[in-house]
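Spelled out from the first residue to the last, the chains are:
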Amino acid sequence: MILLSVLGPGIITANVDNDAGGIATYAIAGAQEGYGLLWALILITFNLAVIQEMAARMGVVTGQGLTDLIRERFGVKVTMVTLLLLIFANLTTTVAEFAGVAAAMELFGVSKYISVPAAALFVWFLVVRWNYKQVERILLIACLIYFTYVASGFMANPPWGEVMKRAVTPSIKFTPGYINLFIALIGTTITPWMQFYLQSAVADKGLSIEEYKYTKIDVYFGVFVTDFVAFFIIVATAATLFAHGIQIETAADAAMALEPLAGEYAKILFAIGLLNASVLGALVLPLSTAYAVTESLGWESGVSRTFKDAPQFMGLYTFFIFIGAAAIMIPGLPLMKIMLFSQTISGILLPVVLILMLKLINDRRIMGEFVNTPGRNIVAWSTAIVLMIATVMLVASPFFQ
Amino acid sequence: MPYIGELFVSELLKKPVLDKMGEDIGVLTDFILVPGDTFPKISALVVSRRKKVLVIDWEAVKLFNRHIISISIRESDLAPREMSEEEMLLCRDLLDKQIVDIDGAKVVRVNDLKVGEFHGHLCLMAADVGLRGLIRRIGLESQGERLSSFFGYKIPRNLISWNYLQSLKPKLTRLTLNIPRHKLSELHPADIAHILSQIPQKDRAALIDTLDVETAAETLEEMGTSDQASIIEELDAEHASDILEHMAPDEAADVLQDLPTDKANDLLQRMEKEGADEMEELLSHEEDTAGGLMTTEYLSLTKDLTVREAIDQVRLLSPNVETVYYIYILDKDEKLQGVLSLRDLIVSQQDNTLEEIMTHPVKTVRADADEKEVERIISKYRLIALPVVDEEGRLLGIITMDDILYRTLNHTKGKRG
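First, a word on scope: everything that follows refers to the structure included in this document. (Residues numbered from 1 in each chain as written. Chains lettered and ligands numbered in written order. Predicted model: local features only at pLDDT ≥ 70, side-chain atom pairs only at ≥ 80, totals over all residues. Heavy atoms only, no water.)

**Some words on the interface of chain A and chain B**
Here comes step 1: Between chain A and chain B, the contact holds 30 residues from the first and 27 residues from the second.
Here comes step 2: Carbon and sulfur atoms make up 43% of the surface buried where chain A meets chain B, a total of about 2400 Å² over both sides.
Here comes step 3: Seen at the junction of chain A and chain B, the total is four salt bridges.
Here comes step 4: Arg71 of chain A is the salt-bridge partner of Asp96 of chain B, the closest N and O atoms lying 2.5 Å from each other.
Here comes step 5: Connecting chain A to chain B are eight residue pairs in polar contact (both at pLDDT 80 or more). (Contact = heavy atoms within 4.5 Å. Buried area = accessible area lost by both parts, 1.4 Å probe. Salt bridge = Lys/Arg side-chain N within 4 Å of Asp/Glu carboxyl O. Polar contact = N/O pair within 3.5 Å; in protein donor to acceptor, adjacent residues only side chain to side chain.)

Here it is as structure tokens:
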């Protein structure tokens, strides 16, 4: 019973991680490299779990969001830089989510001029009209829809023996395509916004330290389910597109290409999954940004507040959704370039966030007895360093092509 | 005492400090506070050079302004020391932290702090909680001002004087104890509840601790059940049971229901016998039935009283009950005989007996009736309160309209998120 009331933040954060960009990356990884990146996904899952656990622990122990703590520990300047990067990265990612909505609905023959405004209104009303408990329930239900990808994976009828073998045997190919995908996989799975969202959502629940063991289950389970889904996306495209040597560039391509190989239902399931992921992302990213900014600057925040109570919170949320949706509707906007730029900003932000998190979680004044143990610190720092190297490469890679 | 005027902390931090010989001994990093008359006094400066921390008594400061800070002793006279958690430090404990703005009844964040001279001492005067403070912190105040005046906009000043602020950290309450002034406990309980909803869980109990029991109880009544329970869990058991006793019994029972069983039992044991019995009776009902919704505090009289005697009784009993609009007439077995409204009582002849003016039969529900049924009867007969009875017609408690209204509203919009 307690578990049920604690459940939510971890599962939701991890699932939203499989957003429009994530699905595209997994689909392309499967199509281009077959089962060759599955082992990397499992490694990344482990890293993600380590980092998410830290964010959740800080949320429970301090009852504050990550930007709160950054503000209180590092002052205004560091906060401002972090916020600016976060706002920019999240805003462009929100654009990507609406692009996902447009692509998914176009597979069903719906024009983006209908689907995007409809999705924008839907997510806007959800937060402006409803309270947090209701929104959280909707999000949890939406997480179940991700299992459509698992179904797609089975429909693709892969050689399971080989899949399992490849998943546990690390193998690196030193080709530019492989390395780029490897880094993109890390970049899309471990993102800065997740740490902010997870910590705020956990803090908002007001859990006591005795209940932390349940939060841990929530976090680990969420990470597992998320990458379980990602695993099946890779398997689905690897078994079909890779096997037939079909190259794709987007998630919508993947859905289209699946149809002749795995049947119409595989395509429909893939498209529904993409739509669901994009709508979820379009809701959670603006929400997460609104929380991060208002908390650290001392403005009122919370989903259950009205425009009058929390003007900055609701205003920021509305602004994000408006810009996100509008960017898709403007013809001729270089969306691909914006996405690439967004990835770069996230790439710069991630090491900053990781270092700040590690400093905070080892600060006894903040965490008391719940600071990282030496063992955890070794794991966390090596995770952070690997991620930093990867993101530096990710940021630099467009310049070498 | 050097002339000071008024200064913002952000303009002073990181400024070099010179000793008697003009040697640079480090940069200013913090201030030590002690309680003062109205405003906390600054008793010493904290100066750091790399890892070394020096504390300089205010008496030794010669020059103190935004251009130069110098002291009248030599560096060699000062011994480095560590700062302890017990000490109250201006920057470490206040700057960038959340604080309660009593006047605005909300939680704000301290962007900057203003110090100045008061009764011949350097004191903490005010907190800047506005945009201007933020811009000043990143060192762009004058540029920001030029930019905004170009657009014909003035960046608003948002300074709150220290005597309208209340810190959330228990150790800092010493800084405000002897000030006769606006206090948190003078706010409306609904405002205090709103403030509590904005601050971290661990600070909530501490803030509740600063309130008197009566206000604490009223504040908790304004919050959602799960928040109530988590606060009660944090408080020490004696204080928690006191607060529960002061709450409306139906609210208190809801809180107990949300707590772990052994914690709830412990709190029940600490309550006075009468209150504890009432609570156990309420707890024996399902939460969303009439029994779970009712409160056991109501006005009851016997039918042989005259109106005059009844009014005296109402006057006497009213402090202990939630609503006085209905007076229930009970026989010696507590069976419900009839009901009177306050209006009936006031407009009737003084010498009439209650039996003559009471209404009966009375609209009632049984303890196991569900919420919908209660809602239906209350709205159909436009009642302010609805009595709950057992099989034999004995009065168990009443459900007041506001409780039902609250629950109905809660289905559409939560108390907090």
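Text resumes after the structure shown.
**Some words on helix H8 (residues 225-234) of chain B**
Here comes step 1: Those residues of H8 of chain B that fall on the buried side of the exposure criterion are Asp227, Gln228, Ala229, Ser230, Ile231 and Ile232 of chain B.
Here comes step 2: Contacts from the buried residues of H8 of chain B go to helix H5 (189-197), helix H6 (201-209), helix H7 (213-221), helix H9 (237-246), helix H10 (249-258) and helix H11 (261-270) of chain B. (Buried < 20%, exposed > 50% of the residue type's maximum accessible area, 1.4 Å probe, protein only. Helix = DSSP H or I, 4+ residues; strand = E, 2+ residues; numbered from the N terminus.)

**A word on the packing of helix H4 (residues 38-62) of chain A against helix H10 (residues 176-189) of chain A**
When two helices pack together, their arrangement is given by the angle between their axes and by how far apart the axes lie.
Residues and elements named next belong to chain A.
Here comes step 1: The contact between H4 and H10 brings their axes to 10 Å, and the two run at 30°. In terms of axis orientation, H4 runs roughly parallel to H10. Seen along the crossing, H4 lies across H10 with a hand that is right-handed. The segment H4 lies against H10, with Trp39, Ala40, Leu41, Ile44 and Leu48 engaging Tyr178, Phe182, Leu185, Ile186 and Thr189. (Axes fitted to C-alpha atoms, helices over the stretch in contact; angles between N-to-C directions. Parallel < 35°, antiparallel > 145°, perpendicular 65-115°, else oblique. Left-handed = near helix turned anticlockwise from the far one by under 90°.)

**Here's the deal with the pattern of salt bridges**
Pairs can form between side chains of opposite charge once their charged atoms are near each other.
Here comes step 1: According to the stated counting rule, one finds 23 salt bridges over all chains in the structure shown.
Here comes step 2: A salt bridge links Glu53 of chain A to Arg57 of chain A, with the shortest nitrogen-to-oxygen separation between them at 2.9 Å. Of this pair, Glu53 of chain A and Arg57 of chain A both sit in helix H4, four residues apart, which is roughly one turn of that helix. In terms of burial, Glu53 of chain A and Arg57 of chain A fall into one category: buried.
Here comes step 3: Among the salt bridges present, the one from Arg315 of chain B reaches Asp312 of chain B, with a minimum N-O distance of 3.4 Å. Of the two residues, Arg315 of chain B and Asp312 of chain B are both situated in helix H14 (residues 307-317); the distance of three residues between them amounts to about one turn of the helix.
Here comes step 4: The exposure class of Asp312 of chain B is partly exposed, given its relative accessible area of 43%.
Here comes step 5: Salt bridges linked by common partners bring Glu53, Arg57 and Arg376 of chain A together as one network.

**Some words on the sheet that holds strand S15 (residues 299-301) of chain B**
Residues and elements named next belong to chain B.
Here comes step 1: Read from one edge of the open sheet, three strands run S15-S16-S17, paired in mixed fashion. Two strands lie at the open edges of the sheet, namely S15 and strand S17 (336-341), each paired on one side alone. Within this sheet the neighbouring strands show an average axis-to-axis angle of 30°, counted without direction. (Pairing = 2+ DSSP bridges.)

**Remarks on the sheet that holds strand S14 (residues 165-167) of chain B**
Residue and element names in this part refer to chain B.
Here comes step 1: The antiparallel open sheet is built from three strands, whose spatial order is S10-S9-S14. What marks the edges here is a single partner per strand, and that holds for strand S10 (106-109) and S14. Strand-to-strand, the axes of this sheet are offset by a mean angle of 40°, without reference to chain direction.

**A few points about the nonpolar core**
Here comes step 1: The biggest cluster of nonpolar side chains holds 144 residues, and the ones touching the most others in it are Phe98, Phe270 and Leu283 of chain A.
Here comes step 2: Here this core gets 17 residues from one element, more than from any other, and that element is helix H5 (residues 66-107) of chain A.
Here comes step 3: Once you skip the residues sitting within four places of it in the chain, Phe270 of chain A turns out to touch Ile23, Ala27, Tyr149, Ser152, Ile233, Ala251, Ala254, Ala255 and Leu258 of chain A.
Here comes step 4: Listed in part, the 65 residues of the second largest apolar core include Leu168, Ala193, Ala253 and Met271 of chain B. (Core = buried A, V, L, I, M, F, W, Y, C linked by side-chain atoms within 4.5 Å.)

**Quick word on the environment of Lys97 of chain B**
Here comes step 1: For Lys97 of chain B, the position within the fold is in the loop between helix H2 (90-93) and strand S9 (98-101).
Here comes step 2: Classification of Lys97 of chain B as buried rests on a relative accessible area of 13%.
Here comes step 3: Distance from Lys97 of chain B to Ile329 of chain B, taken between C-alpha atoms, is 56 Å for residues 232 residues apart in sequence.
Here comes step 4: The contacts of Lys97 of chain B, once residues within four sequence positions are left out, are Glu72 of chain A together with Cys91, Arg92, Val108, Arg109 and Val110 of chain B.
Here comes step 5: Here the side chain of Lys97 of chain B touches Glu72 of chain A through a polar contact of 3.3 Å, landing on its backbone oxygen.

**As for a nonpolar patch on the surface**
Residue and element names in this part refer to chain A.
Here comes step 1: A contiguous nonpolar surface patch, about 580 Å² in accessible area, is contributed by Leu144, Phe147, Ile217, Phe221, Phe224 and Phe228.
Here comes step 2: The dominant element in the nonpolar patch, judged by the number of residues it contributes, is helix H12 (residues 212-242), at four residues.
Here comes step 3: Of note, Leu144 is situated in helix H7 (residues 132-145). (Patch = residues over 30% accessible without salt bridge, like charges linked within 9 Å, V, L, I, M, F, W, Y side chains within 5 Å. Areas by Shrake-Rupley, 256 points an atom, 1.4 Å probe, with all protein chains shown as cover.)

**Quick notes on the environment of Gln350 of chain B**
Residues and elements named next belong to chain B.
Here comes step 1: Mapped onto the elements of the fold, Gln350 is located in the loop between helix H15 (342-347) and helix H16 (354-357).
Here comes step 2: Under the relative-accessibility criterion, Gln350 is labelled partly exposed at 37%.
Here comes step 3: Considered as a pair, Gln350 and Ser84 are 266 residues apart in the sequence and their alpha carbons are 71 Å apart.
Here comes step 4: Here Gln350 is in contact with Thr306, Val307 and Arg308, once residues within four sequence places are set aside.

**A few points about the side chain of Thr148 of chain A**
Residue and element names in this part refer to chain A.
Here comes step 1: Among the secondary structure elements, Thr148 is positioned in helix H8 (residues 147-155).
Here comes step 2: Given the relative accessible area of 13%, Thr148 is considered buried.
Here comes step 3: Those residues in contact with Thr148, other than ones at most four positions away along the chain, are Leu269 and Gly273.

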